[in-house]
Amino acid sequence: MTTATVEVQGLLTAECGLGVEKRLMRLSGVRRASVNAVSGTATVEYDERTVRLEAIKAAVRDCGYGCSGRQLLQHVCKPDDDPPPAPAARARRSISR
């Protein structure tokens, strides 16, 4: 199983997202689909041997919404990134409390 988060452009309400979810769930090989109207994304768990990402994108487009493909969340850090060092002033304040 693979999980992908794809962009869904043009969602206005959560009810719009339910229609997309239903359409995605009709695809053979899709195990779970969840649409978030606020973030404009659909998270789909699917069997990559049965259904391809292109079919998932096409299903979103068939519902009347744009879909350019996978979306990488902006807040995800690279695994080798170190956290930024704490500013010296903040570190001193927390010690003196």
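Per-chain numbering applies: the sequence of each chain, read as written, is numbered from 1 onward. Where totals are concerned, whole chains, interfaces and linings use all residues; where local detail is concerned, this predicted model gives features only for residues with pLDDT of at least 70, and gives and counts side-chain atom pairs only at 80 or more. Working from all heavy atoms in the structure, the side-chain values ignore hydrogens and water.

**Remarks on the pattern of salt bridges**
Phase 1 of the analysis: One speaks of a salt bridge when a side-chain nitrogen belonging to Lys or Arg is within 4 Å of a carboxyl oxygen belonging to Asp or Glu. Evaluation of the coordinates by the stated rule reveals 5 salt bridges.
Phase 2 of the analysis: Across the salt bridge formed by Glu-45 and Arg-31, the nearest N and O atoms sit 3.2 Å from each other. Of this pair, Glu-45 sits in strand 3 (residues 41-46) while Arg-31 sits in strand 2 (residues 30-36), placing them 14 residues apart in sequence.
Phase 3 of the analysis: Burial classes follow relative accessibility: with a 1.4 Å probe on protein chains only, a residue under 20% of its type's maximum area counts as buried, one over 50% as exposed, and anything between as partly exposed. Glu-45 sits in the buried class, given a relative accessible area of 11%.
Phase 4 of the analysis: A salt bridge links Arg-32 to Glu-45, with the nearest nitrogen and oxygen atoms 2.4 Å apart. In this text, helices come from DSSP runs of H or I with a minimum length of four residues, and strands from runs of E with a minimum of two, each type numbered from the N-terminal end.

**Some details on the pairing of strand 2**
Two faces, one strand: in a regular strand the side chains alternate between the faces of the sheet.
Phase 1 of the analysis: Pairing between strands requires that DSSP locate at least two bridges from one strand to the other. Here strand 2 pairs with strand 3 via 6 bridges, running antiparallel. When the bridges of strand 3 are listed, Val-35 appears paired with Ala-42.
Phase 2 of the analysis: In this antiparallel pair of consecutive strands, strand 2 and strand 3, the connection spans 4 residues, and Gly-40 shows a positive phi of 70°.

**Details of the sheet that holds strand 3**
In any sheet, the strands associate via hydrogen bonds between backbone groups, in a parallel or an antiparallel arrangement.
Phase 1 of the analysis: Reading across the sheet, the 3 strands line up as 1-3-2 and stay open at both edges, with antiparallel pairing between neighbours. Lying at the two open borders of the sheet, with one neighbouring strand each, are strand 1 (2-7) and strand 2. If you compare each strand with its neighbour and ignore which way they point, the axes differ by 15° on average.
Phase 2 of the analysis: Lying over the sheet, helix 1 (residues 14-25) contacts strand 2 and strand 3, oriented at roughly 165° with respect to strand 2. Here, axes are lines fitted to C-alpha atoms. For helices the fit covers the stretch in contact, and angles between N-to-C directions go from 0 to 180 degrees. Throughout, a contact is declared for two residues whenever any of their heavy atoms are within 4.5 Å.

**As for the confidence of the model for the chain**
Phase 1 of the analysis: A residue's pLDDT is the predictor's confidence in that residue, given on a scale from 0 to 100. Mean pLDDT for the chain: 83, with 73% of residues reaching 70 or above.
Phase 2 of the analysis: Looking over the chain, one finds the lowest element-wise mean pLDDT in helix 3 (residues 88-96), namely 55, and the highest in strand 2, namely 96.

**Some points on the side chain of Glu-45**
Phase 1 of the analysis: Whenever a nitrogen or oxygen atom comes within 3.5 Å of another N or O atom, the pair is scored as a polar contact, on the condition that within protein one atom can donate a hydrogen and the other can accept it, and that pairs from neighbouring residues in sequence are kept only if both atoms are in side chains. Side chain to side chain, Glu-45 and Arg-32 meet in a polar contact 2.4 Å long.
Phase 2 of the analysis: Setting aside residues no more than four positions away along its own chain, Glu-45 makes contact with Met-1, Thr-2, Thr-3, Gly-29, Val-30, Arg-31 and Arg-32.

**Looking at the side chain of Thr-2**
Phase 1 of the analysis: Following the sequence through the fold, Thr-2 ends up in strand 1.
Phase 2 of the analysis: Discounting residues that sit within four places of it in the chain, Thr-2 has contacts with Val-44, Glu-45, Tyr-46, Glu-48 and Arg-70.

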